[in-house]
Amino acid sequence: MGAHISWANTADPAARTKPGRDAFLARFEREVDPNGELPIEERQRRAESLRKAHMQRLALASAQKRREKRAAKGGRSA
């Protein structure tokens, strides 16, 4: 209930979540360029690819779990 009240009183949700999004993206930049040696454009390009790979891994794992649950219930597995 408190979360709903808080979000109802938030004028700019994107601004409120920006620090979290920035930290999430910075994680991938640190992974691709831990010493900060790459030009910013190249670091961002590589980080974006790494972020996409991360999201695809999550989607694959989710699909596999759904498939397993469906098979356990006797549903189609493909």
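See the structure shown above.
Here's a quick rundown of the structure. (Residues numbered from 1 in each chain as written. Predicted model: local features only at pLDDT ≥ 70, side-chain atom pairs only at ≥ 80, totals over all residues. Heavy atoms only, no water.)

### Points about the overall build of the protein chain
Of regular secondary structure, the protein chain possesses 3 helices and 0 strands. Each helix and strand of the protein chain, placed in order from N terminus to C terminus, yields the pattern α-α-α. Relative to the globule expectation of 12 Å for 78 residues, the C-alpha radius of gyration of the protein chain, 19 Å, shows a markedly less compact shape. Taken along the three principal axes of its C-alpha coordinates, the protein chain extends 50 × 40 × 15 Å. Split into buried and exposed, the 78 residues of the protein chain put 9% on the buried side. Pairs at least 24 apart in sequence give 19% of the contacts found in the protein chain among residues at least 6 apart. (Helix = DSSP H or I, 4+ residues; strand = E, 2+ residues; numbered from the N terminus. Rg over C-alpha atoms; globule rule 2.2 N^0.38 Å. Buried < 20%, exposed > 50% of the residue type's maximum accessible area, 1.4 Å probe, protein only. Contact = heavy atoms within 4.5 Å.)

### Observations regarding the side chain of Asp33
Of note, Asp33 is situated in the loop between helix H2 (13-32) and helix H3 (40-72). Among residues more than four places away in sequence, those in contact with Asp33 are Leu38 and Arg43.

### Some details on the packing of aromatic side chains
Enumeration over the complete set of coordinates arrives at 1 aromatic pair. Ring geometry for Phe24 versus Phe28: centroids 5.1 Å apart, planes at 90 degrees, classification edge-to-face. Within this pair, Phe24 and its partner Phe28 are both found in helix H2, separated by 4 residues, close to a single helical turn. Note on Phe24: relative accessible area 31%, which makes it partly exposed. The class of Phe28 is buried, set by a relative accessible area of 2%. In this structure, Arg16 is placed above the aromatic ring of Trp7, and the distance from its NZ or CZ to the ring centre is 3.9 Å. (Phe/Tyr/Trp six-rings, centres within 6.5 Å; stacked < 30°, edge-to-face > 60°. Lys NZ or Arg CZ within 6 Å of the ring centre and 35° of its normal.)

By themselves, these observations are geometric and do not establish any function.
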